[in-house]
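Single-letter residue listing:
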Amino acid sequence: MVQQRDALTELVKCHVGEGRRMTTREFAAAAVDPQTGWSPSKSLVGNIIAGMNYKVTPQLVSAVSAGLGVKRQIVAVAAHFQAIGYTEQELQAGAAAELLQVIDAELAPAADA
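Criteria and thresholds
- Residues numbered from 1 in each chain as written.
- Predicted model: local features only at pLDDT ≥ 70, side-chain atom pairs only at ≥ 80, totals over all residues.
- Heavy atoms only, no water.
- Buried < 20%, exposed > 50% of the residue type's maximum accessible area, 1.4 Å probe, protein only.
- Helix = DSSP H or I, 4+ residues; strand = E, 2+ residues; numbered from the N terminus.
- Arc of directions from axis to C-beta.
- Contact = heavy atoms within 4.5 Å.
- Polar contact = N/O pair within 3.5 Å; in protein donor to acceptor, adjacent residues only side chain to side chain.
- pLDDT = per-residue confidence, 0-100.
- Core = buried A, V, L, I, M, F, W, Y, C linked by side-chain atoms within 4.5 Å.

1. Topic: helix α3 (residues 42-50)
Point 1. Along α3, the residues that are buried comprise L44, V45, I48 and I49. Seen along its axis, α3 keeps its buried residues to an arc of 140°; they face one direction. For α3, the exposed residues lying more than 90 degrees away from the buried face are S43 and A50.
Point 2. In this fold, the buried residues of α3 make contact with α1 (7-15), α2 (24-30) and α4 (58-68).
Point 3. A positive backbone phi angle near 75° is found at G51, which sits one or two residues after α3.

2. Notes on the side chain of Q82
Point 1. Looking at the element boundaries, Q82 is found in helix α5 (residues 72-83).
Point 2. Here the side chain of Q82 touches T9 through a polar contact of 3.1 Å, landing on its backbone nitrogen.
Point 3. Apart from residues lying up to four places away in sequence, Q82 is in contact with Q4, R5, D6, A7, L8, T9 and Y54.

3. Quick word on the confidence of the model for the protein
Point 1. Taken residue by residue, the protein gives an average pLDDT of 86. The fraction at 70 or more is 90%.
Point 2. Of all helices and strands in the protein, the one with the weakest mean pLDDT is helix α6 (residues 94-112) (69), whereas α4 scores best (97).

4. A short note on the nonpolar core
Soluble, globular proteins show a tendency: their nonpolar side chains are buried together.
Point 1. In this structure, V16, F27, V64, L68 and L99 are the most contacted members of the largest nonpolar core, which totals 33 residues.
Point 2. When residues in this core are grouped by element, the largest group, six residues, is from α5.
Point 3. Not counting the four nearest positions on each side in its chain, F27 is found in contact with V12, V16, M22, V45, V64, G67 and L68.

Okay, structure coming up:
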């Protein structure tokens, strides 16, 4: 069975927003695709955090990676998880499993509060 999760949104929310390590403005300034120089607008970052509809592009994946200081592969896996999903078997190892560890570790302190 395929599982889907708003993993890209969750990954960004772990680090960006009120009470997090970066504001949306700071993240928008830091999130720059190193290949093209493209960066998301503050409103796009707000849409991502709010879980609103947004288009995932290679430039967005690269920009989020740069802004968060997370490997691009992890951000790409988050985008894939959100858009397409993964099977249970695919979530057991590799980058998909690493992504879940990153998100769950970041969300755990918030759940305890």
